[in-house]
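The chain contents come next:
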Amino acid sequence: MNKSSKLYIAGHTGMVGSALMRKFTAEGFTNIITKTREELDLRNQQAVTHFFQTEKPEYVIIAAAKVGGILANNTYRAEFLYDNLMIQSNIIHASASSGVEKLIFLGSSCIYPRDCPQPIKEEYLLTGPLEQTNEPYAIAKIAGIKLCENYYKQYGCNFYSVMPTNLYGPNDNFDLETSHVLPALIRKFHEAKVNNAELVDKSTLSPVEVWGTGTPRREFLYVDDLADALFFLLSEVEARDIYEQRITHLNIGTGEDITIKELAEMIKEIIGFKGEIIYDSTKPDGTSRKLLDVSRINGLGWRSKIDLEEGIKKTYEWFLKYQ
Ligand SMILES: NC(=O)c1ccc[n+]([C@@H]2O[C@H](COP(=O)([O-])OP(=O)(O)OC[C@H]3O[C@@H](n4cnc5c(N)ncnc54)[C@H](OP(=O)(O)O)[C@@H]3O)[C@@H](O)[C@H]2O)c1
């Protein structure tokens, strides 16, 4: 790959896609192709095939997907399965037919069984039942992993998949109805701070309510770190490096987790909210721990660089500017 290689970033307007645009542009890439959803609906096989036949990208990263929190996953179950199966199958098949040199497909850590040993190794895929609330999404992502693996096995395509942990950063979804925990806490603490700004007596501040007991442990990766990992993988790691290890994909994370309580305290401190935090233990906690084993990607030569506090500060700066 060189800086004038033709790179198609599918989903460039999303949180991950926009981080990839920042990274590859900063690295001097001059031939990045993008299409908005209005220009190319990736669920449309004919349109996707035509796009690949005419544009002939050399490198592809699939960061386009129908993505959402638990509520959206559980409500729009059919769309989460159908849209994701269509988007990824159309791109992977058209990439194989048009001779793409390398393709990386993005999945997510929900592909692993609900009750996995921790930290989660790549080989735990398909060893137990999935979490029911996002099963359609997980099944689609597993199908994507298997497509890449089997286009490699049958046709030698240089295609493979990565499973990032929970991501956060610029362009995240901060809508309290549909967001993940970290952006939701940023919005809650920010609004609590702003709404109480005029209060002189801080003891009368309304508290910020956090769902669950605060005890579950979670891992968070700043999205620009993920873009850095994808740049490294696209430049240096081939499909055979993955499949020869008898795994189907690579985990990407920090290798460290914290409790939701520690996360809430950190965000409260960064935002400068002076009131109390209360934990609503009537709300579900979800699984008690979810941490990816990242020794394989570390062994290949990549590790995350942006620590959680720094990442949250950057995300809050972005939130203040654009939300
Ligand atoms: N967010 C996380 O915490 C997380 C964690 C692990 C893995 N991932 C993975 O990372 C990938 C990207 O996630 P994200 O958080 O960046 O999601 P996102 O912000 O929702 O972005 C999704 C992108 O896909 C595009 N898209 C969706 N449906 C499309 C269609 N039918 N045709 C064309 N484009 C379409 C969207 O276009 P519009 O702008 O038009 O909607 C957007 O550009 C996903 O595969 C996800 O599984 C995310």
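Everything quoted here is computed from the prediction, not taken from an experiment.

Student: How should I be thinking about the overall build of the protein in this particular structure?
Tutor: Helix and strand counts for the protein come out as eleven helices and 13 strands. Against the globule reference of 20 Å for 323 residues, the protein gives a C-alpha radius of gyration of 20 Å, in line with a compact fold. Over its C-alpha atoms, taken along the principal directions, the protein stretches across nearly 65 × 40 × 40 Å. Out of the 323 residues in the protein, the part that is buried amounts to 50%. The contacts in the protein between residues at least 6 apart in sequence include a share of 82% that link residues at least 24 apart. Within the structure as shown, the protein displays about 15100 Å² of accessible surface, and the carbon and sulfur contribution to it stands at 49%. Side-chain charges in the protein split into 36 positive and 43 negative, and the spacing between the mean points of these groups amounts to 2 Å.

Student: So what exactly am I meant to see when it comes to the site of the ligand here?
Tutor: Residues in contact with the ligand amount to 23 residues; listed here are only the nearest, Thr13, Val16, Arg37, Tyr137 and Lys141. Between the ligand and the protein, one listed contact pairs an oxygen atom with a side-chain N or O atom of arginine 37 at 2.8 Å. Between the ligand and the protein, one listed contact pairs an oxygen atom with a side-chain N or O atom of tyrosine 137 at 2.3 Å. Taking 900 Å² as the accessible area of the ligand by itself, protein coverage stands at 84%. Elements with a contribution of two residues or more to the shell around the ligand: helix H1 (15–26) and helix H5 (135–155).

Student: Would you mind showing me how to read the nonpolar core here?
Tutor: In a soluble, globular protein the nonpolar side chains are often hidden away together inside. Core analysis: the largest hydrophobic core is formed by 74 residues, its most contacted members being Ile91, Leu103 and Leu233. Ranked by residues supplied to this core, first place goes to helix H7 (residues 223–236) with nine residues. When sequence neighbours within four positions are dropped, the list of residues in contact with leucine 233 reads Lys102, Ile104, Tyr160, Val162, Leu250, Ile252 and Ile297. Core analysis: the next-biggest nonpolar cluster, separate from the first, contains 27 residues, Val210, Tyr222, Ala264 and Ile306 among them.

Student: Could you clarify how one ought to interpret unusual backbone geometry in this entry?
Tutor: Backbone phi values are negative for most residues with the exception of glycine, while trans is the configuration of most peptide bonds. For the peptide bond that leads from glutamine 118 to proline 119, omega is -15°, which places it in the cis range. On the secondary structure map, proline 119 appears in the loop between strand S4 (102–106) and H5. Of note, the phi angle at leucine 126 is positive, near 60°, even though the residue is not glycine. Topologically, leucine 126 is positioned in the loop between S4 and H5. Its relative accessible area of 57% is what places leucine 126 among the exposed residues.

Student: Sorry, what's going on with the pairing of strand S7 (residues 208–211) here?
Tutor: If a strand is regular, its side chains alternate between the two faces of the sheet. Alternating positions in S7 separate cleanly, Val208 and Val210 being buried on one face and Glu209 and Trp211 remaining unburied on the opposite face. Here S7 runs beside strand S12 (residues 277–280); their pairing, made up of four bridges, is parallel. Within the sheet, the bridge partner assigned to tryptophan 211 lies in S12 and is aspartate 280.

Student: Would you mind going over the sheet that holds strand S11 (residues 258–259) with me for this structure?
Tutor: Think of a sheet as strands paired side by side through backbone hydrogen bonds, with each pair either parallel or antiparallel. An order of S11-S8-S13 is seen for the three strands of this open sheet, with the pairing classed as mixed. Either end of the sheet is taken by a strand with one partner, and the two such strands are S11 and strand S13 (289–290). Of the pairings in the sheet, the one linking strand S8 (residues 217–218) to S11 comprises two bridges and is antiparallel in character. Within S11, the position partnered with arginine 217 by the bridge is threonine 259.

Student: Would you take a moment to explain the sheet that holds strand S3 (residues 59–62) for this structure?
Tutor: Pairing within the open sheet is parallel, and its six strands lie in the order S2-S1-S3-S4-S5-S10. Across the chains shown, the open sheet's two edge strands, defined by having one partner strand only, are strand S2 (32–33) and strand S10 (249–252). Pairing of strand S5 (residues 159–164) with S10, which is carried by four bridges, proceeds in the parallel orientation. Directly across from proline 164, in S10, lies its bridge partner isoleucine 252. Contacting S4, S5 and S10, H5 crosses the sheet at an angle of about 150° to S5.

Student: Explain helix H11 (residues 308–322) to me, please; I cannot follow it from the model alone.
Tutor: Owing to its 3.6 residues per turn, the α-helix brings residues three or four apart onto one side. When the terminal C-alpha atoms of H11 are compared, their 21 Å separation across 15 residues agrees well with the 21 Å that a helix rising 1.5 Å per residue should span. Taken residue by residue, H11 has Leu308, Gly311, Ile312, Thr315, Tyr316, Trp318 and Phe319 as its buried positions. Each buried residue of H11 sits inside an arc of 160° when the element is viewed along its axis, so together they form one side. Facing away from the buried side of H11, by more than 90 degrees, are the exposed residues Glu317 and Lys321. Residues of H11 that are buried make contact with strand S6 (166–168), helix H6 (181–195), strand S9 (220–222), S11 and helix H9 (260–271).

Thresholds applied
- Residues numbered from 1 in each chain as written.
- Predicted model: local features only at pLDDT ≥ 70, side-chain atom pairs only at ≥ 80, totals over all residues.
- Heavy atoms only, no water.
- Helix = DSSP H or I, 4+ residues; strand = E, 2+ residues; numbered from the N terminus.
- Rg over C-alpha atoms; globule rule 2.2 N^0.38 Å.
- Buried < 20%, exposed > 50% of the residue type's maximum accessible area, 1.4 Å probe, protein only.
- Contact = heavy atoms within 4.5 Å.
- Areas by Shrake-Rupley, 256 points an atom, 1.4 Å probe, with all protein chains shown as cover.
- Lys, Arg positive; Asp, Glu negative; His and termini not counted.
- Charge placed at Lys NZ, Arg CZ, Asp CG, Glu CD.
- Near = heavy atom within 4 Å.
- Polar contact = N/O pair within 3.5 Å; in protein donor to acceptor, adjacent residues only side chain to side chain.
- Core = buried A, V, L, I, M, F, W, Y, C linked by side-chain atoms within 4.5 Å.
- Pairing = 2+ DSSP bridges.
- Axes fitted to C-alpha atoms, helices over the stretch in contact; angles between N-to-C directions.
- Expected span 1.5 Å × (residues − 1).
- Arc of directions from axis to C-beta.

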